[in-house]
Amino acid sequence: MIVASLLWFAPIAGGQFIIEATFLDPAEHRAPSGEYVLYLNPSTPDGAGPAQYRLSHRGAVLWDTELPFTLRELGVTDAGFTVGYGLTNGDSLRGQVVVAVIASTGDVVLRERTRMTESPFFDALSKPAPQGLVLDADQKKFSVRIADPDLNRGVERWWRYALPDGTRLEELRPLEAMGLKDNEQLRLMDARAVPGTDLYLLHWWHHNFADRSRGLFGDGGVFTLMAPDGKMVWRRDLPLDYTVDGDGKAAENLERLVQKLGAIRHTGNGGHFVVWFVRESAEVTFAVQRSSESEPGWAVGEVERKPFIPPTPSAEPIAIAPAVVLAPIDSVQLVPASARPLDASANRAIVDGRICIQDRSTAALHVWHEDGALVWIGEVEPEDPQSVQWLGRVAAAPDGSLWAEARDDQYLGWDQQGARLGFCSFDLHPLFPPTGDHVWTWGRHWGLSLREESGAELVRVARQPDNRWLRGIQSAVFLDSGELAVLSGTHVFIYSASGEPLRSIPVPVEPEGQGMQTRGDWLLLSEARPHVFLVRRSTGAALRFRPPAAGDDENWTHGFSADGKRLLSLHAAGGKFTLHRFELP
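Residues numbered from 1 in each chain as written. Predicted model: local features only at pLDDT ≥ 70, side-chain atom pairs only at ≥ 80, totals over all residues. Heavy atoms only, no water.

Q: Explain the packing of aromatic side chains here, please?
A: Think of a pair of aromatic rings as described by two things: how far the centres are apart, and how the planes are tilted against each other in angle. On inspection of all chains with the given rule, the structure shows 12 aromatic pairs. Between W376 and W414, the aromatic rings sit 6.3 Å apart at their centres with planes inclined by 35°, giving tilted as the arrangement. Taken together, the positions of W376 in strand 26 (residues 374-378) and W414 in strand 29 (residues 410-414) put the pair 38 residues apart, joining distant regions of the chain. Both residues of the pair, W376 and W414, belong to the buried class. A connected cluster of aromatic rings, assembled from ring pairs, spans F223, W234, F273, F277 and F286. Against the face of W469 rests R463, its NZ or CZ located 3.8 Å from the ring centre. (Phe/Tyr/Trp six-rings, centres within 6.5 Å; stacked < 30°, edge-to-face > 60°. Helix = DSSP H or I, 4+ residues; strand = E, 2+ residues; numbered from the N terminus. Buried < 20%, exposed > 50% of the residue type's maximum accessible area, 1.4 Å probe, protein only. Lys NZ or Arg CZ within 6 Å of the ring centre and 35° of its normal.)

What follows is the structure in structure tokens.
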């Protein structure tokens, strides 16, 4: 059976308040004591729409229900209250901000909705824009941090609420208590309650743009402790902690690292907290206690300093696939129909054992058999849109026809003899099952969708077999068995022909460019490089192969023969295309 496949053509060689697109996976959220656990399962990846909520106490389920909103960030108290906020339209930044309090009984005691409106700043969020959640140490109050819609001013507000009923309290504006000078800017990066006190630990990004003569020009950090009334009772400045002189890229990378890891490393019991001093590469522990001798009423002192060790990823490291030597069979040069050579930078792909190269000058698709025989030339018409001058993905249908992506929702097709079939519309990339009348479509950020000819969706696949959301699809193919294989990140996820999740296969690389192909028990994962990875579906064992003549040249395209017994490697150089064939193990 010739399995339909969908491939890339081989590539040619050679505002501070923005909420980024997020994936809200199903997750457990624990109270500080650990006795209450809330399980949240969103219905959409970005948190738009309803979600399933389940609260357990010491392992026993108290309630399990669907609510019409998804909390984007939440906390659980030792009394079983769930507090948090959500956006009704997810990452689209339209709709409403929802602040909710859910009692241990499952009753929603607060569901406050605030309509979002467009910001006057071009690159800013709609307003109000939540930035985070702070649950007080006494677990009787919580705050939702709201960004200032005026990006030039940057005065963050804290919407404050009291438990158990969610009564609205007076807002806090931490920046107003900082005594900001004309020559500096402060941006609040993180805020945590300090257990054992009624204080909040704040981390600020500080920019001084006036004191260059004193050697203080640049970016640094500030840590403060804020009292419940908004007053600052302690401050520690690190004026140049985030400054990288003369290297803008390094400065950007440092800022991303600080944002990702967080300069507030820990807030523990008994008034202790740990922060990261970047220039010293140290984790510094401070202790806070009440003091009648100091004017703010608090004494803060350093109690420990140790080297900062970046956290290691929780996921297991990806094993490097061992290199393998494949027995060469032969090499053949592909000869075009005319004396004029094809452009070496032409789009190319290997689909079901057929070698496809687009003529850059005419936009025609040339198709060869693996023995070097030119099978047909798929012509284009003068009235075809300009977009066919650069075709994209190529999909093979069970009837042997080939469909090449001409623009976002249009594919140009040719039958088995190369006769032009015209255009067909697909809202996403098509994937033709080996049998049946329906067509699956997939998109990098849209999952997979099985649709009728009318366009009505029959099945949507958006989750991995572990129930987490698919985080971008590089490629999707049908296996001989009729099952679906989806390449996403460093895993291949297997689904039934009807879209039921089955299993996962870890792979040794995150492929780019050509994506994935399959024949028999083999999965072929190509990168935008000469080497290729071969993975056995049955065992997950992976091998790495590099054509002997590859060198540093990246103009290689890989695929399977139609019977799945040979690896086909196409090399483009100087207007010539040479096909190398190798025996598979």
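Q: What should I look at first to understand the sheet that holds strand 42 (residues 542-545) in this one?
A: The strands that make up a sheet are held in pairs by hydrogen bonds between backbone atoms, and each pair lies either parallel or antiparallel. In space, the 4 strands of this open sheet follow the order 39-40-41-42, with antiparallel pairing throughout. Each having just a single partner strand, strand 39 (515-519) and strand 42 make up the two edges of the open sheet. Here the average twist between neighbouring strands, direction ignored, is 25°. Two elements, strand 39 and strand 40 (residues 522-526), share 5 bridges in a ladder whose sense is antiparallel. Paired with R519 across the strands is W522, a residue of strand 40. (Pairing = 2+ DSSP bridges. Axes fitted to C-alpha atoms, helices over the stretch in contact; angles between N-to-C directions.)

Q: Mind showing me how you'd approach the pattern of salt bridges here?
A: Pairing between side chains of opposite charge can happen when their charged atoms approach one another. Going through the model one piece at a time under the given rule, you end up with 29 salt bridges. Notably, a salt bridge pairs R468 with D25, separated by 3.5 Å at the nearest N-O pair. In this pair, R468 sits in the loop between strand 34 (457-461) and strand 35 (475-478) while D25 sits in the loop between strand 1 (6-7) and strand 2 (27-30), placing the two residues 443 residues apart along the sequence. A relative accessible area of 36% means that R468 is categorised as partly exposed. For the salt bridge of R173 with E176, the shortest nitrogen-to-oxygen distance reads 3.9 Å. (Salt bridge = Lys/Arg side-chain N within 4 Å of Asp/Glu carboxyl O.)

Q: So what exactly am I meant to see when it comes to the pairing of strand 7 (residues 82-87) here?
A: When you tally the buried positions in strand 7, you get 6 out of 6 residues, the bulk of the element. Side-chain alternation along strand 7 places T82, G84 and G86 on one buried face and V83, Y85 and L87 on a second face that is also buried. Where strand 6 (residues 73-76) meets strand 7, 4 bridges bridge the pair, whose relative direction is antiparallel. The residue of strand 7 that forms the bridge with V76 is T82. Hairpin connection, strand 6 to strand 7: the antiparallel pair is bridged by 5 residues, and G80 has positive phi, about 90°. Summarising the sheet, strand 7 and strand 8 (residues 96-102) pair through 6 bridges and their orientation is antiparallel. Paired with G86 across the two strands is V98, which belongs to strand 8.

Q: Looking at this model, I keep getting lost on the pairing of strand 37 (residues 491-495). Mind explaining?
A: Side chains on a regular strand alternate between the two faces of the sheet. Most of strand 37 sits out of view: 4 of its 5 residues are buried. Between the end of strand 36 (residues 484-488) and the start of strand 37, which pair antiparallel, lie 2 residues, with G489 showing a positive phi angle near 65°. The antiparallel pairing of strand 37 with strand 38 (residues 501-506) creates a hairpin that spans 5 residues between the two strands, and G499 there sits at a positive phi of about 100°.

Q: Explain the environment of L534 here, please?
A: Along the chain, the position of L534 falls in strand 41 (residues 532-536). A C-alpha to C-alpha distance of 9.6 Å links L534 and V324, two positions 210 residues apart in sequence. Setting aside chain neighbours within four positions, we find L534 in contact with L326, W522, L523, L524, A541, A542, L543, F560 and L584. (Contact = heavy atoms within 4.5 Å.)

Q: Just to check I follow, could you spell out the sheet that holds strand 11 (residues 141-147) for this structure?
A: The sheet built from 4 strands is open, its strands ordered 10-11-12-13 with antiparallel pairing. Strand pairing shows two members of the sheet lacking a second neighbour, strand 10 (129-135) and strand 13 (167-172), which therefore form its edges. On average, adjacent strands in this sheet sit at an angle of 25° to one another, irrespective of strand direction. With 4 bridges joining them, strand 12 (residues 157-162) and strand 13 adopt antiparallel strand pairing.

Q: Would you mind going over the nonpolar core with me for this structure?
A: Most often, soluble globular proteins keep nonpolar side chains buried together rather than apart. Residues F223, L225, V258 and F273 are the most contacted members of the largest nonpolar core, which totals 27 residues. Elements that contribute at least two residues to this core include exactly strand 15 (200-208), strand 16 (218-226), strand 17 (232-238), helix 1 (248-261), strand 19 (272-277) and strand 20 (282-290). Excluding residues that lie within four positions of it along the chain, V258 makes contacts with H203, W205, Y242, A263, W276 and V278. Residues F81, L133, F142 and L163 belong to the second largest nonpolar core, which totals 18 residues. (Core = buried A, V, L, I, M, F, W, Y, C linked by side-chain atoms within 4.5 Å.)

Q: Explanation requested: unusual backbone geometry in the structure shown.
A: Excluding glycine, residues mostly carry a negative phi; peptide bonds, for their part, are mostly trans. Along the chain, L163 connects to P164 via a cis peptide bond; the corresponding omega equals 20°. Here R58, not a glycine, exhibits a phi torsion of approximately 55°, which is positive. Taking the relative accessible area as the measure of exposure, R58 reaches 64% and is therefore exposed.

Q: Looking at this structure, how should I read the side chain of S569?
A: Structurally, S569 is set in strand 44 (residues 566-573). At a separation of 2.9 Å, a polar atom in the side chain of S569 contacts the side chain of H558. For S569, the contacting residues outside a window of four places in its chain are F545, P547, W556, T557, H558, T578, L579, H580 and F582. (Polar contact = N/O pair within 3.5 Å; in protein donor to acceptor, adjacent residues only side chain to side chain.)

Q: Just to check I follow, could you spell out the environment of L55 for this structure?
A: In this fold, L55 is placed in strand 4 (residues 51-57). Judged by relative accessible area, which is 0%, L55 ranks as buried. As for L55 and T82, which are separated by 27 residues in sequence, their C-alpha atoms are 9.1 Å apart. Setting aside residues up to four positions removed in sequence, L55 forms contacts with Y36, V37, L38, A60, V61, L62, W63, G80 and S104.

Q: How should I be thinking about the side chain of Q358 in this particular structure?
A: In this structure, Q358 sits in strand 24 (residues 354-358). Accessibility expressed as a relative area gives 0% for Q358, which makes it buried.

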